[in-house]
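Breakdown of the fold
Here are the chains, one letter per residue:
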Amino acid sequence: MSTRADLAELGLGAGKKARLHRILHQHGLRNGTALFLPYDQGLEHGPRDFFANPAASDPKYIMRLALAGGFNGIAIQIGLAEKFYWDYAGEIPLILKLNGKTDIPSSDRALSPLHATVADAVRLGADAVGYTLYVGTPAQEADFGQYQQVRRDAQRYGMPLIVWAYPRGSAVDAKGGKDSFYAVDYAARTAAELGADLVKVNFPHPEKRTGVQRAYDTEFTSQQAIDSVVRSANRTLLLVSGGARNDDVSMLEKARQSMEAGATGLIFGRNVWQRDHDESLRFVERLHDILAKYPSH
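Here we summarise the structure given alongside this text. (Residues numbered from 1 in each chain as written. Predicted model: local features only at pLDDT ≥ 70, side-chain atom pairs only at ≥ 80, totals over all residues. Heavy atoms only, no water.)

Before going further, it helps to spend a moment on the packing of aromatic side chains. The tally for this structure, following the rule as stated, stands at 9 aromatic pairs. When the centroid spacing of 4.9 Å and the interplanar angle of 80 degrees are considered together, the rings of F181 and Y216 count as edge-to-face. Here the residue F181 occupies a position in helix 8 (residues 181–193), and Y216 occupies one in the loop between strand 6 (198–201) and helix 9 (222–233), the gap between them amounting to 35 residues. Assigned by exposure class, F181 and Y216 land together as buried. Each member of the aromatic cluster is reached from another via a ring pair, and the members are F181, Y182, Y186, Y216 and F220. (Phe/Tyr/Trp six-rings, centres within 6.5 Å; stacked < 30°, edge-to-face > 60°. Helix = DSSP H or I, 4+ residues; strand = E, 2+ residues; numbered from the N terminus. Buried < 20%, exposed > 50% of the residue type's maximum accessible area, 1.4 Å probe, protein only.)

Below you can see the structure in the form of structure tokens.
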């Protein structure tokens, strides 16, 4: 098992350290690992994601599910936070997403525009903010520019910054694709070098090698790939996404490999709430069983 960075080693100010300690040690398993429930798919993918379980279209259902499942936090956009989170404020940490976009336009020049601020997060009682950074698109100059302001505000307010590091665009498509080992590894390193406190990535697929750089065009196991991604993140804590719903065996194995590599935790949305309520909780219990084996300080 790789060594996971401790909070004391991250160079955090008091505000960021206090909020991250609250997330990691006062919620969930309280053992330094994290399981987050993202619920930003209504904007990012459209209402179709709720067709599998119509009850999930109701944010109150998701809030109750997050509490019942013992999650370390819930990630939502500002409209839902203002209308629904106040019923549960203090009971589960809020991660306020500061930017987002629809999936209607082409992703070649993908840019996720800001629609909320770190000050909004403070006002709403959030314990962290989330920013989606598209790595590899021609729009990265604008993306890096608005990200810089978010990072500066997060530092000033003592708010942990979680970066959704997503490779996107035709250049990425031509180099193995958005979830290739090459792309995910590069995204994790980019977020670390741009000052993220935590980075959210998809699980890397080392078998996707068409057009990748020579160093990645060789045989790697899944474990070797996720080990490398954790190393690339350095002292930026790593969260691994569940992505689109898949079969449980493969998802749980990816979760185990991620934690074995030294990830701090998991961020599973559709893989949880596209099931009915009781099935969701049974699946979450299996995720907790994995996290319980990898405690941190």
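It is worth spelling out the environment of P93 at this point. Summarising the element assignment, P93 is placed in the loop between helix 4 (78–84) and strand 3 (94–97). As a C-alpha pair, P93 and N72 span 21 residues in sequence and 6.5 Å in three-dimensional space. In this view, P93 contacts I23, H27, N72, G73, I74, Y85 and D127; residues no more than four positions away in its chain are not counted. (Contact = heavy atoms within 4.5 Å.)

Now for unusual backbone geometry. In this structure, R30 is a non-glycine residue whose phi angle is positive, near 60 degrees. As for its position among the elements, R30 is in the loop between helix 1 (14–25) and strand 1 (34–38). A positive phi angle is found at N234, which is not glycine, with a value near 55 degrees. Along the chain, N234 falls in the loop between helix 9 and strand 7 (237–241). A residue is classified by how much of its surface remains accessible, and N234, at 46% relative accessible area, is partly exposed.

So, on to the nonpolar core. Core analysis: the biggest nonpolar cluster contains 72 residues, and L96, L238 and L266 have the highest contact counts within it. Ranked by residues supplied to this core, first place goes to helix 8 with 6 residues. I23, A34, A75 and I162 belong to the second-largest nonpolar core, a separate cluster that totals 21 residues. (Core = buried A, V, L, I, M, F, W, Y, C linked by side-chain atoms within 4.5 Å.)

Function-wise, these values are silent; they only describe arrangement.
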